[in-house]
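Chain and residue survey
What follows is each chain in one-letter form.
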Amino acid sequence: MTLTASKSNKTRVLLVSIVPPRNDCGGRIVLYRHLVERNPFELHVASDADFANDLQIHTSLRLPYPLWRLRKSRLGPFFAPWLTDYENFVRAVVPNPALETAIQDFQPHLLLVLADNSLSKLAYRLARKHGLPLVGFFLDWLPIMKGHFGHNWTRPALSRWFRRFYGKCDLAFCTSDGMRDVLGPHPNSHVIYPMPGKHRVADKFWPPLNGKFRLVYAGSVENFYGRMICSLIETIEATNDLEIIVVGPNADWP
């Protein structure tokens with residue numbers, strides 16, 4: 001696609017992320033509320049997510065078509081570790097014309113990058129090539145999260161890159177004090193907590209008929225997140241005055 005640099009006075013931010021901003025769950029909500037809901041920047045999103053096509057301004061960083069088709073086929077689960085290794089160690093270091101074009105056409109003031117195992121490597125190289133400030137957003141430790149690494153033996157190398165990327169960011173945002181403590185010292189690192197949405201509570205609303213205090217969790221419900229949520233559900237079910245509703249895709253538990 002061809003972009004035209006805007007004449008607005010807003011800071012132009014090119015977001016490079018494996019998940020686009022969307023008001024549904026997890027890290028997507030975090031990005032949506034910071035970058036879209038309050039509309040603080042002129043935003044362009046570069047992502048390899050299949051569900052990013054409904055974004056108004058978007059550059060697709062999807063795998064080459066034959067590999068993308070293989071991932072979507074019935075053989076996809078068998079080849080998944082190799083395809084993910086390709087993303088993390090091959091695609092991440094070869095030239096990417098789509099992202100290069102987005103930078104040249106959109107003319108961003110900075111690159112905002114969700115720290116991950118693959119796209120952050122692309123963004124780092126192009127930020128240095130074009131002399132753009134590099135801002136890292138550290139939400140999850142993706143090198144150890146199933147689905148984001150291929151073979152188990154790659155995890156140490158991916159964690160080393162994760163820490164290295166943190167050190168190379170001109171500005172780093174961490175989702176919690178714990179994340180910043182684990183990543184270590186940085187001359188320009190800050191904690192930025194997920195913010196509430198711009199929702200107005202109705203003047204008249206109906207509380208739960210059972211009188212319990214209701215919690216709603218919206219986020220990842222698989223792998224180790226799923227195990228933690230299951231433990232939380234069991235704990236809450238043992239109480240008399242609490243209940244929980246869980247909203248999230250791809251739960252891997254009954």
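To start, this report covers the structure provided alongside it. (Residues numbered from 1 in each chain as written. Predicted model: local features only at pLDDT ≥ 70, side-chain atom pairs only at ≥ 80, totals over all residues. Heavy atoms only, no water.)

With respect to the side chain of glutamate 243
Quick note on the threshold: Numbering of helices and strands runs from the N terminus; a helix is a DSSP stretch of H or I covering at least four residues, while a strand is a stretch of E covering at least two. Any two residues whose heavy atoms approach within 4.5 Å at even a single point are treated as in contact.
Position of glutamate 243 among the secondary structure elements: in strand E9 (residues 242-247). Setting aside anything within four residues of it in sequence, one finds glutamate 243 in contact with Pro208, Asn210, Lys212, Phe213, Arg214, Leu215 and Ile236.

Quick word on the nonpolar core
Note the following rule: What makes a nonpolar core is a set of buried Ala, Val, Leu, Ile, Met, Phe, Trp, Tyr and Cys residues whose side-chain atoms join them at distances within 4.5 Å. Per-residue accessibility, obtained with a 1.4 Å probe over protein chains only, is compared with the maximum for each type, and a residue is labelled buried under 20%, exposed over 50%, and partly exposed between these values.
The biggest cluster of nonpolar side chains holds 45 residues, and the ones touching the most others in it are Val16, Leu111, Phe138 and Phe165. Per-element accounting of this core gives the leading share, six residues, to helix H5 (residues 119-130). In this structure, phenylalanine 165 is in contact with Val113, Ala115, Ser120, Tyr124, Leu134, Gly136 and Phe138, ignoring residues within four places of it in sequence.

Overview of helix H3 (residues 76-89)
Condition: What a helix should span is 1.5 Å times the count of its residues minus one. In this analysis the local bend is the angle between axes fitted, respectively, to the seven residues ending at and the seven residues starting at the residue.
Its 14 residues give H3 an end-to-end C-alpha distance of 19 Å, which sits within 8% of 20 Å, the value for a rise of 1.5 Å per residue. Along H3, the largest kink reaches about 35° and is centred on tryptophan 82. Those residues of H3 hidden inside the fold are in contact with helix H2 (65-72), H5 and helix H6 (155-168).

A short note on the packing of H2 against H3
Rules: Axis lines are fitted through C-alpha atoms, for helices just across the contact stretch, and the angle between N-to-C directions can take any value from 0 to 180 degrees. If an angle is under 35 degrees, it is roughly parallel; if it is over 145, roughly antiparallel; if it lies from 65 to 115, roughly perpendicular; otherwise it is oblique. Put simply, a crossing is left-handed when the front helix is turned counterclockwise from the back one by less than a right angle, and right-handed when it is turned clockwise. Only Asp, Glu, Lys and Arg are considered charged in this grouping, and only Ala, Val, Leu, Ile, Met, Phe, Trp, Tyr, Cys and Pro are considered nonpolar; every other residue, Gly among them, is considered polar.
Closest axis-to-axis distance for the H2/H3 pair is 8 Å, and the angle between their directions is 140°. Judged on the interaxial angle alone, H3 and H2 are oblique. Crossing geometry of H2 relative to H3 is assigned as left-handed. In this structure, H2 uses Leu67, Leu70 and Arg71 to contact H3, whose residues at the interface are Gly76, Phe79, Leu83, Thr84, Tyr86 and Glu87. Broken down by class, the residue content of the contact of H2 with H3 amounts to five nonpolar, two polar and two charged.

Some words on the sheet that holds strand E7 (residues 189-191)
To be explicit about the condition: In short, DSSP must find at least two bridges between two strands for them to pair.
Read from one edge to the other, the open sheet built from seven strands follows the order E3-E2-E1-E4-E5-E6-E7, with strand pairing classed as parallel. On the outer flanks of this sheet lie strand E3 (58-60) and E7, each paired with one strand and no other. Direction aside, the axes of adjacent strands within the sheet are offset by 20° on average. Note that strand E2 (residues 42-47) and E3 share three bridges and pair parallel. When the bridges of E3 are listed, alanine 46 appears paired with threonine 59. Where helix H1 (residues 26-37) meets the sheet, its contacts fall on strand E1 (12-16), E2, strand E4 (110-114) and strand E5 (134-138), and the angle it forms with E5 comes to roughly 140°. Docked against the sheet, H6 engages E4, E5, strand E6 (171-174) and E7, running at close to 135° with respect to E5.

Let's talk about unusual backbone geometry
Despite not being glycine, asparagine 39 has its phi angle at roughly 50°, a positive value. For asparagine 39, the position within the fold is in the loop between H1 and E2. Given a relative accessible area of 44%, asparagine 39 falls into the partly exposed group. Of note in the backbone geometry, asparagine 250 takes a positive phi value of approximately 60° without being a glycine. One can find asparagine 250 in the segment after E9. Assessed through its relative accessible area of 57%, asparagine 250 is described here as exposed.

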